[in-house]
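The residues making up each chain are set out below.
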Amino acid sequence: MTSSLNLWLIPVLPLAGAAINGFFGKKSSRTAVSTIGLVFPGAAFLWALLVAFRFSSLPQIPYQEYVAHWIRSGSFTADFSLYLDQLSLVMLLVVTGVGFLIHVYSVGYMWDDPSYYRFFSYLNLFMFFMLTLVLANNYLLMFIGWEGVGLASYLLIGFWFTKDSAASAGKKAFIVNRIGDFGFLIGLFLLIQHFGSLNFTQVFDQVRPLAPETTGAGLLSAIGILLMVGACGKSAQIPLYVWLPDAMEGPTPVSALIHAATMVTAGVYMVARSHVIFERAPQALMVVAVIGTLTALFAATIGVAQTDIKKVLAYSTVSQLGYMFMACGVGAFSAGIFHLMTHAFFKGLLFLAAGSVIHAVGGEQDMRKMGGLRSYIPWTFLTMGIATLAIAGIPPLAGFWSKDEILWQAFSSEHGSWVFWLIGVITAFITSFYMFRLLFMTFFGDYHGAQVDEHGHAHAAHGHDDHGHGEPHESPMVMLVPLMILALLSVVGGLVGVGNRFEHFLAPVFGHGATEAAGETASHFTEYLLMGISVAVAFLGLIVAYVLYVSKPYLPQKIADALGSFYDAVLNKYYVDELYAKLFVKPLIDGSTSILWQGVDRKVIDDTVNNAADGARHVSEEVRQMQSGNLRSYAGWIAAGSALVIAYMIWLGVGR
Amino acid sequence: MVPLSYYLVLSGFLFACGVTGFLIKRNIITIFMSIELMLNGVNLSFVAFAAHWHALAGQVFVFFVMVVAAAEAAVGLAIIIAVYRTRETLNVDQVNLLKL
């Protein structure tokens with residue numbers, strides 16, 4: 001039994017599903033497409049569960065499985081080999097589990113879409129690449145998965161490609177990710193150059209004996225920072241976060257699966273996977289922590305002013321990813337992965353519930369046109385409420401445990417500082433505030449959408465234009481069941497972290513280093529005090545949101561007016577997109593236009609070709625005159641030619 | 001004995017006369033005669049070399065050239081007569097039906 005886990009099945013199953021639906025889905029019925037689209041990821045999930053059950057009886061951890069020969073060049077090897085340890089097991093279960101639930105949900109959500117089969121094909125393709133990323137045993141294979149999820153993300157953001165904004169959002173995501181990948185690749189090149197391998201075990205075995213680069217930044221810091229650049233792109237951190245909010249153009253299940261629960265956490269996973277390198281490069285760790293902390297705060301403040309329900313969640317995702325990087329940056333990798341897991345539960349749930357809301361109100365995403373939906377869609381309200389409580393950090397839900405762990409580590413770890421903690425707490429307050437704002441605006445108060453009882457028949461006449469939605473209605477069971485399961489996970493998911501159990505589980509990967517020692521030296525009083533503070537700010541956020549959006553709904557406008565230009569800046573996302581457009585996009589386009597297009601392409605390349613052709617034509621036109629058809633002129637040419645030859649011969653003779 | 005170079009100069013002169021005549025004259029008969037002149041210029045150099053080297057090959061070539069020239073004269077004159085009968089001119093510039 002312990003011979004082989006056949007890990008390769010886990011990524012290959014969704015690939016088979018993607019291929020079948022991709023090639024044959026167009027002609028198949030929706031039922032067949034959904035069966036294929038669900039069975040394969042479902043089987044992958046079951047297999048992952050089986051692997052998890054057999055995990056403790058494995059003779060050797062990390063377990064490595066050779067699948068196929070890939071690149072062997074001199075001493076450098078990169079094979080299709082898989083790698084399973086506690087870290088990848090957690091990722092494996094999160095990706096297949098949450099992924100499968102979202103697949104189920106998609107059956108309901110996408111049922112009416114004409115490209116139903118294409119959606120499932122892409123979604124399964126995404127699962128394949130994500131699982132490759134998670135299970136790879138070398139950086140190169142991981143990079144394949146990394147690029148593959150980027151591709152799937154591009155395809156799915158631009159799923160409704162006839163919509164201009166969706167197509168350009170897809171391109172934006174792809175291009176911004178390329179910037180990050182550039183850093184990632186350079187980091188990999190440095191690894192090859194100095195360690196001659198990209199294999200996790202080989203690289204880490206060589207890095208482990210090295211001393212931490214406490215004085216000045218060296219090779220490991222460079223590699224670490226470059227890897228972090230890659231993570232910034234994929235996981236939407238400052239300065240490369242701008243693609244994620246736009247990625248909400250994709251269908252909502254995609255936002256849930258790729259742009260909240262799994263793909264965007266790949267950067268966190270990669271940093272955690274490279275913890276051996278980062279632990280020996282304090283400068284790189286500091287960069288990670290600072291970027292994470294700043295992103296957490298920055299994105300959270302933007303989230304406060306957004307009115308599009310999915311945009312709020314998008315900025316919230318960016319902000320929560322910032323938390324994860326903050327955790328990694330202070331050396332608390334297991335806390336980061338813990339938050340990654342709970343975040344996958346509650347943020348996946350939030351997006352799916354938001355999708356259910358959007359579904360209910362007929363495609364409307366503006367929260368100002370919602371309100372009072374509580375009574376129309378009670379199940380969605382219930383599950384979304386649970387997710388909101390979870391992300392806000394109200395005990396004993398999942399978000400509380402993981403967020404509190406991160407804040408505690410940020411405060412107490414040897415790489416941490418009270419600054420990180422303070423910003424983290426402020427962010428927690430803002431998070432709680434904007435999440436309850438979302439909840440109150442959507443579900444409380446009066447319904448601001450198209451009123452059936454006011455417009456009566458007029459609305460009914462336009463029924464078909466509005467997807468036939470007269471009154472907000474609850475989603476079908478196939479959408480609600482995944483919501484309920486995720487809600488359950490959002491409630492109990494945090495309990496695995498109680499008493500540092502999660503940390504102990506991951507300890508073989510990350511070691512018992514700094515985090516545990518810090519936990520023991522700091523007094524329990526401080527720990528409970530900090531925990532109290534974070535719970536307090538969570539409730540404070542709830543109360544403020546309640547006051548502003550339920551009991552005194554006229555106040556927000558007043559505050560916005562009072563803040564004036566600052567509010568405008570927040571509303572417009574600090575003009576970051578505009579800034580990037582001015583700083584990078586416009587110079588790039590101008591440079592490409594005037595130098596590369598008009599200068600190099602038109603003036604150099606085109607002109608070279610054209611002039612060569614023109615020259616040939618001019619010469620030919622002259623030479624053509626010789627072929628006059630006049631015999632005597634031909635004879636003359638022959639005579640002149642022979643005279644030349646003879647003259648040459650004579651000259652040769654004389655010269656000799 | 002007359003040196004070889006004299007023959008060759010004369011041969012070249014004859015040949016050049018032939019070429020010049022061929023190039024500048026319009027009358028087919030004259031052109032025809034110019035060709036004969038060129039052929040005979042060549043013949044002269046052949047026999048001169050043959051005598052100089054005491055080799056018979058050159059003389060054999062001369063016979064061949066003469067035979068060919070005779071045949072050519074027969075065919076060529078026949079063509080010229082045919083041309084004159086149909087076109088009533090011997091000016092080559094007016095015999096240009098095949099020209100584009």
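J.: Honestly, the overall build of chain B in this entry has me stumped. Any pointers?
T.: When helices and strands are counted, chain B shows three helices and zero strands. Reading chain B from its N end, one meets helices and strands in the order α-α-α. The C-alpha radius of gyration of chain B comes to 17 Å, more than 25% above the 13 Å expected for a compact globule of 100 residues. Taking as baseline every contact in chain B between residues at least 6 positions apart, the subset at least 24 positions apart corresponds to 58%. Of the roughly 7,000 Å² that chain B leaves accessible, carbon and sulfur atoms contribute 75%. Each charge class in chain B was averaged separately, 5 positive and 4 negative side chains, and the resulting centres sit 7 Å apart.

J.: Can you walk me through the overall build of chain A in this structure?
T.: Secondary structure assignment for chain A yields 28 helices and two strands. When each of the 656 residues of chain A is scored for burial, the buried share is 51%. Pairs at least 24 apart in sequence give 81% of the contacts found in chain A among residues at least 6 apart. Carbon and sulfur atoms make up 67% of the accessible area of chain A, which amounts to about 27,900 Å² in all. Computed over 34 positive and 41 negative side-chain charges, the inter-centroid distance for chain A is 7 Å.

J.: I would appreciate a short explanation of the interface of chain A and chain B in the present structure.
T.: Reports often express the size of an interface as the amount of accessible area lost when the parts come together. Facing the seven residues of chain A at the interface are ten residues of chain B. Overall, the association of chain A and chain B removes approximately 560 Å² of surface from exposure, summing both partners, and the carbon and sulfur fraction of that is 60%. Taken as a group, Arg632, Ala635 and Ala639 of chain A account for 73% of the area that chain A buries against chain B, more than any other trio of residues on that side. Where chain A meets chain B, there are zero salt bridges.

J.: Explain the packing of aromatic side chains here, please?
T.: Two aromatic rings are characterised by how far apart their centres lie and by the angle between their planes. Residues and elements named next belong to chain A. This structure, assessed with the given rule, holds 35 aromatic pairs over all chains. An angle of 75° between the planes, with centres 5.8 Å apart, marks the rings of tyrosine 241 and phenylalanine 298 as edge-to-face. Separated by 57 residues along the polypeptide, tyrosine 241 in the loop between helix 8 (219-234) and helix 9 (243-246) and phenylalanine 298 in helix 13 (residues 282-305) bring together distant segments of the chain. The class for tyrosine 241 is buried, based on a relative accessible area of 3%. Taken together, the aromatic side chains of Trp111, Tyr116, Phe119, Phe120, Tyr122, Phe159 and Trp160 make up a single cluster linked through ring pairs. Over the ring of phenylalanine 159 we find arginine 118, and its NZ or CZ is 4.4 Å from the ring centre.

J.: Sorry if this is basic, but what is going on with the nonpolar core here?
T.: Nonpolar side chains in soluble globular proteins generally cluster together in the buried interior. All names here are of chain A. By size, the foremost hydrophobic cluster in this structure holds 177 residues, and its most contacted members are Leu84, Tyr139, Ile337 and Met384. Take this core: its biggest share by element is 17 residues, from helix 15 (residues 333-360). When near neighbours in sequence (up to four residues on either side) are disregarded, methionine 384 contacts Ile309, Leu350, Ala353, Ala354, Val357, Leu438, Leu439 and Phe443. Among the nonpolar cores identified, the runner-up in size contains 17 residues, and Ala327, Trp408, Ala410 and Leu530 belong to it.

J.: Would you mind showing me how to read the confidence of the model for chain B here?
T.: Detail in the predicted coordinates should be disregarded across regions flagged by low pLDDT. Taken over all residues, the pLDDT of chain B has a mean of 90, while the share at 70 or more is 98%. Predicted complex, confidence summary: ipTM 0.73, pTM 0.79.

The rules we used
Residues numbered from 1 in each chain as written. Chains lettered and ligands numbered in written order. Predicted model: local features only at pLDDT ≥ 70, side-chain atom pairs only at ≥ 80, totals over all residues. Heavy atoms only, no water. Helix = DSSP H or I, 4+ residues; strand = E, 2+ residues; numbered from the N terminus. Rg over C-alpha atoms; globule rule 2.2 N^0.38 Å. Contact = heavy atoms within 4.5 Å. Areas by Shrake-Rupley, 256 points an atom, 1.4 Å probe, with all protein chains shown as cover. Lys, Arg positive; Asp, Glu negative; His and termini not counted. Charge placed at Lys NZ, Arg CZ, Asp CG, Glu CD. Buried < 20%, exposed > 50% of the residue type's maximum accessible area, 1.4 Å probe, protein only. Buried area = accessible area lost by both parts, 1.4 Å probe. Salt bridge = Lys/Arg side-chain N within 4 Å of Asp/Glu carboxyl O. Phe/Tyr/Trp six-rings, centres within 6.5 Å; stacked < 30°, edge-to-face > 60°. Lys NZ or Arg CZ within 6 Å of the ring centre and 35° of its normal. Core = buried A, V, L, I, M, F, W, Y, C linked by side-chain atoms within 4.5 Å. pLDDT = per-residue confidence, 0-100.

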